[in-house]
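Listed below are the residues making up each chain.
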Amino acid sequence: MRFLLIEDNADLARSIRTRLDLEGHAVDHAASLADAADHLAAAHYDLILLDITLPDGDGRQFLARHRAGHADTPVIVLTARSAVSDRVDTLDLGADDYLTKPFDFAELQARCRAVLRRRGGAASNLQSLGDLTFDPLGGCVTIAGEARDLRNRELRLLEALLSAPGRILSKDQLCDRLFSYSEPVSDNAIEVYVARLRKKIEGGSARIETVRGLGYRLTVG
Amino acid sequence: MAPRAPASLRRRLLIQLIALSAVLAVALYVAVRLGAERASEATLDSILGAATTAIAEELRSVEGGTELDLSPGTFSMLSAVGEERIFHRLDISGVAVTGYADLPLPPRPPSTLEPVFYDAPYRDTDLRLAAVARSLMIENRPAPVLVIMGQTRDGQRAIAQSLANRAAALGLAVFLVAVPLSLLAAGSLMRPIANLAEAVGRRGGHDLRPVRHPAPTELKPLVEQLNAFIARLRQTLAQTETFIAEAAHHIRTPLATLKSEAEMALMQAGDEPTRARLRGMIRATEESARSAGQLLDHATVLFRADQRAQERVDPGAMVAALVERFGPTADLKDMELRLDLPAAPLETLGDAVLIEAAMRNLIDNAVKYSPDDSSVQITLAAEGGFARLDVRDRGRGLGGETQAVLERRFHRGANVAGVVGSGLGLTIVAETAVAMGGRFALTEREGGGTCATLWLPLSG
């Protein structure tokens, strides 16, 4: 997926970019509305992440122009203003969703997926391991062609394990992917979800190994 | 002592007008009475004087004395005046020769035929007297003659009194006519003021539009000042709102960077103490960002509640959009949001932004405080002229605290450990409910959790 990030804060842009890169998305960064117009003229994007307060104008004006020009690239607004009225305005102007800064990266990711799914984005980057396939956008998992119904946390756990097959991921690393930093997590929470996921992908060639004292890894065997 | 508030203008005006007409009525009475008395007295005096002078002139000296040749005209002149009694006295050389010798003498003796008038009591009555003097040759010697005529004035007094009574009646009538006229005048004078006061009063304290009601010239400066004040207040409020939004932006953008960087560091950090510190940092960032956001929301809610916007809002469409928006957030906790909407769409009148803020806070609370894998039931229904929104969760409940306490600003329940919050969410909901003319209630659910209910009045 190709994203355009329109954000004037260089530090924030860099860290959002790094995170999305890690997810396997290509991210172009525009620091101003003029910059963004150049990028949009040159390439096709699957999703636009738009800051509201930009040095050369208001992101909402950009959004209005964007929609008026019948461009249907989905837009998620990243706003730091968060005025109640701004939120309603933003959606009225045709934003697909909005996030208030600072946001959880997991939430940004979830919202990007929800928007792309709603807009009928193609199942482009299908991941597979053995007879297991995983479509991160649609949240579909199949074992030997047979669909398995996974819940959100199970999907994210699988995604985390799939991102580095064969490598050991510690409980903490997995916790960070599954739980918000602001919620209290019990020690055995990961074990509960690992147990659930194991059950869901039973019968396939991929399985989750427990490496005592270190963590978990996904292997084919 | 507090300065006494000035009484009602209408009352003041009325009292002054009535007092003025009373004074006028009394003055009229007095003037008529005095005038009538003077006029009749002057007339009677001239008749009495003329008669006295005529008698004096008709005295003639004859052989062996004097002779008074009273022509009938003289007395008929006097009797024409009415039922008055007449007394006379004739002195020659200081000796009473005829008539009533005890008739009082004038205080200042006359010297000519020009009559001197005076009042004096006589026997059982009061008399008006006229005295003239002349000299008569008696036995070839001049002798001073004094003629005094006295006349009762009972009839004249009765006439004067009756005239005065009529004047009094007239005065009273003037007064009685003046009272309703004063009322009318006071009313018509006060009407523009009352209309203006009513127009301003009807607006209520929340209407920040300028006063356009026509004002009498005298009140124009007051209305102009009021409008200038309203304009200044609006401007200040607008500036405050912009300022808060700007401030929020400048606080939250670096916080977003901080949080994002901390998350990155957490991903890469290996040792547990560093990770624990980074988690603490992230939590603190979230906490401050959330407080900043809720403070702004709260300020906006207060500001907008004052504006009393009246737009048509479909609460069903609004709650459905919110539930869709919260979907990904709930998904992250494997939570389910269930929504039940009424078959026919509802319509409320109010400020969409406020209603959205209240509903969002309710759903946000439910998602935030609910355990993983639970579900939140959101139900919208019409109930007796209200749209009733129930948000039922399986969260921590109220923790033994009352709704009033939980609605307090910056107060958070005792059982919220581990969840980031500002303590303003329920305050915002409660304030919105009040501003919209609705109601808000929190109840514990059987089997654990909270049911938050928001009633908003339906339009029509």
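One structure accompanies this document, and this report is about it. Here the residue numbers are simple positions, counted from 1 along each chain's written sequence. Chains and ligands are labelled by the order in which they are written, letters from A for the one and numbers from 1 for the other. For this predicted model, a pLDDT threshold of at least 70 governs which residues receive local features, and a threshold of 80 or more governs which side-chain atom pairs are given and counted, while totals over whole chains, interfaces and linings are taken from all residues. Excluding hydrogens and water, the side-chain figures rest on all heavy atoms present in the structure.

**Brief notes about unusual backbone geometry**
The step from Lys101 of chain A to Pro102 of chain A runs through a cis peptide bond, and the omega angle for that step is -10°. The numbering of helices and of strands both runs from the N terminus, where a helix is a DSSP run of H or I of at least 4 residues and a strand a run of E of at least 2. Assignment of secondary structure puts Pro102 of chain A in the loop between β7 (97-100) and α5 (105-118). Although it is not a glycine, Ser93 of chain B sits at a positive phi angle of roughly 55°. With respect to the helices and strands, Ser93 of chain B occurs in the loop between β3 (86-92) and β4 (95-99). Relative accessibility under 20% of the residue-type maximum defines a buried residue, over 50% an exposed one, and the middle range a partly exposed one, all with a 1.4 Å probe and only protein chains included. What makes Ser93 of chain B partly exposed here is its relative accessible area of 45%. Of note, the phi angle at Asp334 of chain B is positive, near 55°, even though the residue is not glycine. The residue Asp334 of chain B is located in the loop between α6 (315-332) and β9 (336-340) in this model.

**Details of the packing of helix α5 (residues 272-307) of chain B against helix α7 (residues 352-369) of chain B**
Residues and elements named next belong to chain B. Geometry is summarised by axes, namely lines fitted to C-alpha atoms with helices restricted to the contacting stretch, and by angles between N-to-C directions that run from 0 to 180 degrees. At a minimum axis separation of 10 Å, α5 and α7 run at an interaxial angle of 150°. Along this stretch, α5 crosses α7, giving a crossing that reads as left-handed. Touching Arg290, Gln294, Asp297, Val301, Arg304 and Ala305 of α5 are Val353, Leu354, Ala357, Arg360, Asn361, Asp364 and Lys368, all from α7. When grouped by side-chain class, the residues that make up the contact of α5 with α7 number 5 nonpolar, 2 polar and 6 charged. A crossing counts as left-handed when the near helix is turned anticlockwise from the far one by less than a right angle, and as right-handed when that turn is clockwise. Any two residues having at least one pair of non-hydrogen atoms within 4.5 Å are treated as being in contact. By the convention adopted, Pro, Cys, Tyr, Trp, Phe, Met, Ile, Leu, Val and Ala count as nonpolar, Lys, Arg, Asp and Glu as charged, and the other residues, Gly among them, as polar.

**Digging into the packing of aromatic side chains**
Residue and element names in this part refer to chain B. Each Phe, Tyr or Trp ring, with Trp reduced to its six-membered ring, pairs with another whose centre is within 6.5 Å; inter-plane angles below 30 degrees give stacked pairs, above 60 give edge-to-face pairs, and intermediate values give tilted ones. For the coordinates displayed, the defined rule picks out 3 aromatic pairs over all chains. Aromatic pair Phe87 and Tyr100: ring centres 5.0 Å apart, planes at 75°, arrangement edge-to-face. Remark: Tyr100 occurs in the loop between β4 and β5 (116-122) and Phe87 occurs in strand β3; sequence separation between them is 13 residues. Judged by its relative accessible area of 7%, Phe87 is buried. When the centroid spacing of 5.2 Å and the interplanar angle of 70° are considered together, the rings of Phe87 and Tyr122 count as edge-to-face. Of the two residues, Phe87 is situated in strand β3 and Tyr122 in strand β5; the sequence distance between them amounts to 35 residues. On the basis of relative accessible area, Tyr122 is assigned to the buried category, the value being 3%.

**Topic: the sheet that holds strand β6 (residues 75-79) of chain A**
All names here are of chain A. Two strands are said to pair when DSSP picks up at least two bridges between them. Across the sheet, 5 strands lie side by side as β2-β1-β3-β6-β7; this open sheet has parallel pairing. Since the sheet does not close on itself, it has two edges, and those belong to β2 (26-30) and β7, each with one partner. With direction set aside, neighbouring strand axes in the sheet form an average angle of 20°. Summarising the sheet, strand β1 (residues 2-6) and strand β3 (residues 47-51) pair through 4 bridges and their orientation is parallel. By the bridge assignment for β3, Leu4 is matched with Ile48.

**Examining the interface of chain A and chain B**
Counting residues at the interface gives 49 residues for chain A and 48 residues for chain B. Salt bridges are defined as contacts in which a side-chain nitrogen from Lys or Arg sits within 4 Å of a carboxyl oxygen from Asp or Glu. Seen at the junction of chain A and chain B, the total is 10 salt bridges. The partner of Asp373 of chain B in a salt bridge is Arg196 of chain A, with the nearest N and O atoms 2.8 Å apart. Polar contacts, as counted here, are pairs of nitrogen or oxygen atoms within 3.5 Å of one another; within protein the pair requires one atom able to donate a hydrogen and one able to accept it, and residues that are adjacent in sequence qualify only if both atoms are side-chain atoms. Seen at the junction of chain A and chain B, the total is 21 residue pairs in polar contact (both at pLDDT 80 or more). For the side of chain A that touches chain B, the elements supplying multiple residues, two or more each, are α1 (10-22), α4 (84-92), β7, α5, α6 (152-162), α7 (171-178) and α8 (189-200) of chain A. Ranked by the residues each element gives to the side of chain A that touches chain B, the list is headed by α1 of chain A, at 8 residues. When the residues that make up the side of chain A that touches chain B are grouped by side-chain class, the tally is 20 nonpolar, 11 polar and 18 charged.

**Some thoughts on the pattern of salt bridges**
Using the criterion set out here, one finds 38 salt bridges over all chains in the structure. Among the salt bridges present, the one from Arg67 of chain A reaches Asp96 of chain A, with a minimum N-O distance of 3.0 Å. Of this pair, Arg67 of chain A sits in helix α3 (residues 59-68) while Asp96 of chain A is found in the loop between α4 and β7, placing the two residues 29 residues apart along the sequence. As far as the burial class goes, Arg67 of chain A and Asp96 of chain A line up, both buried. A salt bridge links Arg202 of chain B to Glu198 of chain B, with the nearest nitrogen and oxygen atoms 3.2 Å apart. Of this pair, Arg202 of chain B and Glu198 of chain B both sit in helix α3 (residues 154-203), 4 residues apart, which is roughly one turn of the helix. The class of Arg202 of chain B is exposed, set by a relative accessible area of 61%.

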